[in-house]
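Analysis of the macromolecular model
So the chains spell out like this:
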Amino acid sequence: MSLTTTLECAFVGGRRINHSGDRSALVDPVDGKPWIEVTAASAAETAHAVETASAAFGNGAPGNGWGRSSSAERSRALFGLATLIEEHAEELAQLESRNVGKPIREARDEAALAARCYRYYAGAADKAAGATLPVAAGGLSLTLREPLGVCGLIIPWNFPMVITAWKTAPALALGNTVVVKPATLTPLTALRLAELATQAGVPDGVFNVVPGSGAEAGETLVRHPAVRKISFTGSTEVGVGVMRAAADGIKRVTLELGGKSANIVFADADFERAADAAVWSVLGNAGQDCCARSRLLVERPLYDRFVEAVAERFANLRLGLPHDASTEIGPLVSVAHRDAVAAYIDAGKSEGARLVCGGGMPQRFAQGAWLEPALFADTSPRMKIVREEIFGPVLAAMPFDKEDEAVSLANDTTYGLSGSVWTADLGRGVRVARRVRTGVISVNSASSVHLEAPFGGVGSSGLGRELGMAALDSYSETKSVYIDDSV
Ligand code: NAD
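Given the structure is predicted, the values throughout are model-derived calculations rather than measurements.

A separate point is the domain arrangement of the protein. When the domains of the protein are assigned, the result is domain 1 (6–257 + 463–480) and domain 2 (262–450). Distance from the C-alpha centre of domain 1 to the C-alpha centre of domain 2: 31 Å. If you look at the interface, domain 1 gives 23 residues, while domain 2 gives 30 residues. Counting the surface domain 1 buries against domain 2, the share from its top three residues, Val 30, Arg 105 and Trp 157, is 26%. Between the two partners, domain 1 and domain 2, sit one salt bridge. With a shortest N-O distance of 3.6 Å, Glu 328 and Arg 105 are connected by a salt bridge. There are seven residue pairs in polar contact (both at pLDDT 80 or more) connecting domain 1 and domain 2. When residues of the side of domain 1 that touches domain 2 are traced back to their parent elements, those giving at least two are α3 (89–100) and α4 (104–124). The residue makeup of the side of domain 1 that touches domain 2, split by class, is eleven nonpolar, six polar and six charged.

This part takes up the site of the ligand. Every one of the 26 residues lining the ligand counts as a neighbour, but Ile 155, Lys 181, Ser 235, Leu 257 and Glu 389 are closest to it. Within the backbone of Gly 234, an N or O atom sits 3.2 Å from an oxygen atom of the ligand. Here an oxygen atom of the ligand and a side-chain polar atom of Glu 389 are 2.6 Å apart. Considering the ligand on its own, with 840 Å² of exposed area, one finds that the protein chains cover 87% of that surface. For the shell around the ligand, the secondary-structure elements that each account for two or more residues are α7 (214–223), β10 (227–233) and α8 (236–248). When residues in the shell around the ligand are grouped by element, the largest group, three residues, is from α7. For the shell around the ligand, the residue count by class is 15 nonpolar, seven polar and four charged. When residues are assigned to domains, the shell around the ligand turns out to be shared by domain 1 (6–257 + 463–480) and domain 2 (262–450), each giving three or more.

Glancing now at the sheet that holds strand β20 (residues 476–483). Sheet strands associate in pairs through backbone hydrogen bonding, adopting either a parallel or an antiparallel arrangement. Strands sit in the order β5-β6-β20 across an open sheet of three strands; the sheet is antiparallel. Looking at strand neighbours, the two that pair on one side only are β5 (132–133) and β20, the edges of this open sheet. Examined bridge by bridge, strand β6 (residues 140–147) and β20 share eight bridges and lie antiparallel to one another. Bridge pairing links Leu 144 to Lys 479 in β20.

Grouped together as the largest cluster of nonpolar side chains are 64 residues, with contacts concentrated most on Tyr 118, Tyr 121 and Phe 207. Per element, the largest residue contribution to this core is nine residues, and it comes from helix α5 (residues 160–173). Both of domain 1 (6–257 + 463–480) and domain 2 (262–450) provide at least three residues apiece to this core. Grouped together as the second largest cluster of nonpolar side chains are 62 residues, Val 298, Val 307, Val 310 and Ala 396 included.

Take the pairing of strand β7 (residues 150–154) next. Most of β7 is tucked away, with five of its five residues classed as buried. Side-chain alternation along β7 places Val 150, Gly 152 and Ile 154 on one buried face and Cys 151 and Leu 153 on a second face that is also buried. In this fold, the crossover linking β7 to strand β8 (residues 177–181) by way of α5 has right-handed handedness. Note that β7 and β10 share five bridges and pair parallel. Within β10, the residue paired with Cys 151 across the bridge is Lys 229.

The subject of this paragraph is the side chain of Arg 293. If you trace the backbone, Arg 293 turns up in the loop between α9 (271–283) and β13 (295–299). Buried and unpaired, Arg 293 has no salt bridge, with Asp 289 as the nearest side chain of opposite charge at 5.8 Å. Polar side-chain contacts of Arg 293 include one of 2.8 Å to the backbone oxygen of Cys 291. In this structure, Arg 293 is in contact with Ser 261, Ala 262, Asn 263, Ser 281, Val 282, Leu 395, Ser 418, Gly 419, Ser 420, Ser 442, Ala 446 and Ser 448, ignoring residues within four places of it in sequence.

A few words now on the sheet that holds strand β16 (residues 394–400). The sheet built from seven strands is open, its strands ordered β14-β15-β16-β13-β12-β17-β18 with mixed pairing. Looking along the sheet, the strands with just one partner apiece sit at the ends: β14 (354–357) and β18 (442–443). Note that β14 and strand β15 (residues 374–377) share three bridges and pair antiparallel. Within the sheet, the bridge partner assigned to Leu 355 lies in β15 and is Phe 376. Seen against the sheet, helix α13 (residues 403–410) touches β12 (262–265), β13 and β16 and runs at an angle of roughly 150 degrees to β16.

Of note, Thr 186 is situated in the loop between β8 and α6 (188–199). The exposure class of Thr 186 is buried, given its relative accessible area of 1%. Taking the C-alpha atoms as reference points, Thr 186 and Arg 98, 88 residues apart in sequence, are found 9.8 Å from one another. The residues touching Thr 186, leaving out its near neighbours within four places in the chain, are Asn 99, Val 100, Pro 156, Trp 157, Pro 160 and Val 333.

It is worth spelling out α5 at this point. For an α-helix, 3.6 residues make a turn, and residues three or four places apart therefore share a direction. Its 14 residues place the ends of α5 20 Å apart at the C-alpha level, agreeing with the 20 Å of an ideal helix rising 1.5 Å per residue. In terms of residue burial, α5 counts as a mostly covered element, since 14 of its 14 residues are buried. Immediately downstream of α5, the backbone of Gly 175 shows phi near 100 degrees, a positive value.

A word on the side chain of Ser 420. Mapped onto the elements of the fold, Ser 420 is located in strand β17 (residues 419–422). When its relative accessible area of 1% is taken as the criterion, Ser 420 is described as buried. Not counting residues up to four positions away in its chain, the partners in contact with Ser 420 are Ala 262, Asn 263, Ile 264, Arg 293, Ile 441, Ser 442, Ser 445 and Ala 446.

Reading the values: rules and limits
Throughout this document, residue positions are counted from 1 along each chain, in the order its sequence is written. Under the rules for a predicted model, residues below a pLDDT of 70 receive no local features and side-chain atom pairs below 80 are neither given nor counted, while totals for whole chains, interfaces and linings still include all residues. To obtain the side-chain values, all non-hydrogen atoms of the structure were included, while hydrogens and water were left out. A domain assignment, automatic or from a database, supplies the domain bounds used here. Here a residue-residue contact requires only that any non-hydrogen atoms of the pair lie within 4.5 Å. Once two parts are brought into contact, the accessible area they lose, counted with a 1.4 Å probe and summed over both, makes up the buried area. Criterion for a salt bridge: a side-chain nitrogen of Lys or Arg within 4 Å of a carboxyl oxygen of Asp or Glu. Counted as a polar contact is a pair of N or O atoms within 3.5 Å, where, for protein atoms, one must be capable of donating a hydrogen and the other of accepting one, and residues adjacent in sequence contribute only when both atoms are in side chains. Secondary structure is summarised from DSSP: a helix means a run of H or I of at least four residues, a strand means a run of E of at least two, and numbering begins at the N terminus for each. Throughout, the ten residues Ala, Val, Leu, Ile, Met, Phe, Trp, Tyr, Cys and Pro are labelled nonpolar, Asp, Glu, Lys and Arg are labelled charged, and all others, Gly among them, are labelled polar. In these notes, residues near a molecule or strand are those with any non-hydrogen atom within 4 Å of it. Surface accessibility in these figures is a Shrake-Rupley result with a 1.4 Å probe; residues are shielded only by whichever protein chains are displayed. Here, strands pair whenever DSSP counts at least two bridges between them. For this analysis, a nonpolar core means a set of buried residues of the types Ala, Val, Leu, Ile, Met, Phe, Trp, Tyr and Cys, connected via side-chain atoms within 4.5 Å. Residue exposure (1.4 Å probe, protein chains only): buried if accessible area is under 20% of the type maximum, exposed if over 50%, otherwise partly exposed. Seen with the strands pointing away from the viewer, any crossover whose path from the first strand over the helix to the second strand runs clockwise is right-handed. His residues and chain termini do not enter the charge count, which takes Lys and Arg as positive and Asp and Glu as negative. The axes are straight lines fitted to the C-alpha atoms, using for helices just the contacting stretch, and the angles between their N-to-C directions are given from 0 to 180°. One less than the residue count of a helix, multiplied by 1.5 Å, gives the span that helix is expected to have.

Right under this line is the structure:
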């Protein structure tokens, strides 16, 4: 695609439309060259999308709108969407890989995950049941699960397709309508998903996408009175503002924010598995992952050998072009973000951490957003690289002596999203998993996100849960109905 291509840049009411707002070029992270021009949705255009979604939700009369559609209808459309995603998986993966700069093999996995997500919630549409309750008054008390209305779904740039699926699938399954605001840098796959949803039978106006800036499209979405819920994934700083603004309209809010998660390795751990996982739990998506285990805590007897093994793995990573199936690490999302990550590497060096390997800009990729993954050892809890979310390929290692110390180092953060514990002692694995303050943790595994299990953070990492059946609660309202039996 050349720059002469201008994307019709929103999807509202079942069709692509162009906006009058600012034009900007999406820049290829590989070489820093513009490759497609997009227009941003203005405040008025975003409001129009919300009103379209509100009309599509319906006025509450039976048979009127998605809000009163049958669970069978919603389920059918979402199953259809899952199948269409599978049929277009390669196209979606290529689009995501080019836009974000992520290795194609990761993008392919993400397309498969998006399809699975719509299929999972297609199956959940008719399982969001209420209850009958033994109230003291006698009679019949029961609860209904009702959709909320229009949901504003705000997406970051690191996993645009997957996070769009995580939010839209449960929202749509329960009869809500949605306005998705992708990150400015990465609108492409969300637009394509909305188009495929229409093709799958999701009615016009139910699934809308408004690419635009946070300050204009994002703020409008958060403040519009017809929006009943905001689900936001992004930085803690912006999330705080979103929650404040949403309070004015008493909107429901789910926040999935940043992280600074710990990978705790005890001396009795399976060495090879733990060393591989220490690499991939921080370097997946080039470290641009809220769940990145960016702090490596290793029991002292193992520490030197473990750091060496991780360094060796870092040095052997296949840094390469995103479209190459053998590439393990691609560029970061943008040159500006790469520079922000590089500034953390400088801070690590000036604060006295030992740079074991990486951290430079690879010579063979002179242009673009490239950075060699950096491993720091002998870090300490007060260092900036240990305290702040870097959101890039930087790992900070430090030793610990006792189980208690490992737990308190892991908990020495305002964040609490993910984490891993490696040990042959299952009892210790359970104890540590319980004591680390985090939303998600894995024992002898790097895997922290499962479609079927609740996902979310504590503290500065967020509020509420996505995924699993827990997501159904966050996209529905419970109504109590009492029927008198005395007349
Ligand atoms: P960001 O906070 O800059 O932006 C996120 C989204 O919010 C974008 O769509 C942006 O345009 C929008 N936005 C910005 N200002 C807004 C405003 N005032 N009102 C409404 N919307 C606004 O984050 P980012 O740089 O895109 O993503 C990186 C961050 O996201 C990292 O901190 C990362 O940890 C976090 N993240 C968290 C999770 C999770 O599930 N916990 C997942 C992915 C990313």
